[in-house]
Amino acid sequence: MTDLLTLEDVTVRFGGVTALDAVSFVVREGQVCALIGPNGAGKTTAFNAISRLVKPASGRITFAGEYLGHRDPAALSGLGVARTFQNLALWPGMTVLENVMVGRHHRGRVGFASSVLGWPARREDRELQARAYAMLDYFEIADVAHRECKGLPFGTLKRVELARALVAEPRLLLLDEPASGLTHGDVRELGDVLLRLRDEQDMTLLLVEHHMQFVMGISDYVVALDFGRNLVSGTPAELRDSPELVEAYLGTAV
């Protein structure tokens, strides 16, 4: 496996607070990599730095060998990076199909409005809609394609957001607490879906997550942060009984 995403000594400051302090890690192509740590460890800040939503004070972030420091956040999708959010960022008054189609608008020349608002149809619009339907089929939610997102079960909405992220055919998918708010059954199904993405779609996944059983069950590699710094990293088997990790979460040395 080759290195796909690399963070080298990334530091992020908010005023006098150092949220990330020289954090470094690598996500290899085809991996499910989890970023974990207690509240305030810097996980979301790392995600936002990768997504270009915050600007590091120092350090380098590269994707597929390309330095991201001068890239606009909107350009990342075109490079092959997609992201979901902890709080669902869906349009409640739009249909499921329309929400999914939004995820690929950057690839089109005609634009999203043409497809959704019924302006002159072009081959590009039909291809976009076909791709969106294919994603809905993949996530087994095609039966709600023409329903508004408002009122749908939370587990279904999580699948809609995944479909929207994947319709753009990214190489790297960033998942911000994907198991948050899900039932135990939904968490198990989500784990199966993410492993299918890795195995069937050649997808590389980087997730921030608090659900340790979920993390240890699907991850190939785990990076733990604490107080904005690298704490420990390795495979789930290597980290399962890590004294440093237990101390960071429980506050007690083992």
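Here, every reference points to the structure presented above.
None of these values were measured; they are calculated from a predicted model.

Definitions and cut-offs
Residues numbered from 1 in each chain as written. Predicted model: local features only at pLDDT ≥ 70, side-chain atom pairs only at ≥ 80, totals over all residues. Heavy atoms only, no water. Helix = DSSP H or I, 4+ residues; strand = E, 2+ residues; numbered from the N terminus. Rg over C-alpha atoms; globule rule 2.2 N^0.38 Å. Buried < 20%, exposed > 50% of the residue type's maximum accessible area, 1.4 Å probe, protein only. Contact = heavy atoms within 4.5 Å. Areas by Shrake-Rupley, 256 points an atom, 1.4 Å probe, with all protein chains shown as cover. Lys, Arg positive; Asp, Glu negative; His and termini not counted. Charge placed at Lys NZ, Arg CZ, Asp CG, Glu CD. Phe/Tyr/Trp six-rings, centres within 6.5 Å; stacked < 30°, edge-to-face > 60°. Salt bridge = Lys/Arg side-chain N within 4 Å of Asp/Glu carboxyl O.

Engineer: Explain the overall build of the chain here, please?
Structural biologist: Helix and strand counts for the chain stand at 10 helices and 10 strands. Here the C-alpha atoms of the chain give a radius of gyration of 19 Å, agreeing with the 18 Å that 2.2 N^0.38 yields for 254 residues. With the C-alpha coordinates of the chain rotated into their principal frame, the extents come out at 65 × 40 × 35 Å. Burial analysis of the chain (254 residues in total) assigns 50% to the buried set. Taking the intrachain contacts of the chain between residues at least 6 apart in sequence as the baseline, contacts between residues at least 24 apart amount to 67%. Counting only carbon and sulfur atoms, one obtains 50% of the accessible surface of the chain, whose full area is about 12300 Å². For the chain, the centre of its 26 positive side-chain charges and the centre of its 32 negative side-chain charges are spaced 6 Å apart.

Engineer: Just checking my understanding: could you explain the packing of aromatic side chains for this structure?
Structural biologist: Working definition: an aromatic ring pair is given by the centre-to-centre distance plus the angle between the planes. Evaluated as defined, the whole model comprises 1 aromatic pair. Both rings, one in Tyr-138 and one in Phe-139, keep their centres 5.4 Å apart while their planes meet at 85°; by these two values the pair is edge-to-face.

Engineer: Which parts of the structure should I look at to understand the pattern of salt bridges?
Structural biologist: Taken as a whole and judged by the stated rule, the model has 11 salt bridges. One salt bridge connects Arg-198 with Asp-220, and the closest N-O pair in it is separated by 3.0 Å. In this pair, Arg-198 is assigned in helix H7 (residues 184-200) and Asp-220 in the loop between helix H8 (212-218) and strand S9 (221-226), connecting sequence segments 22 residues apart. The partly exposed category is assigned to Asp-220, whose relative accessible area is 29%. Through salt bridges that share partners, Arg-198, Asp-199 and Asp-220 make up one connected network.

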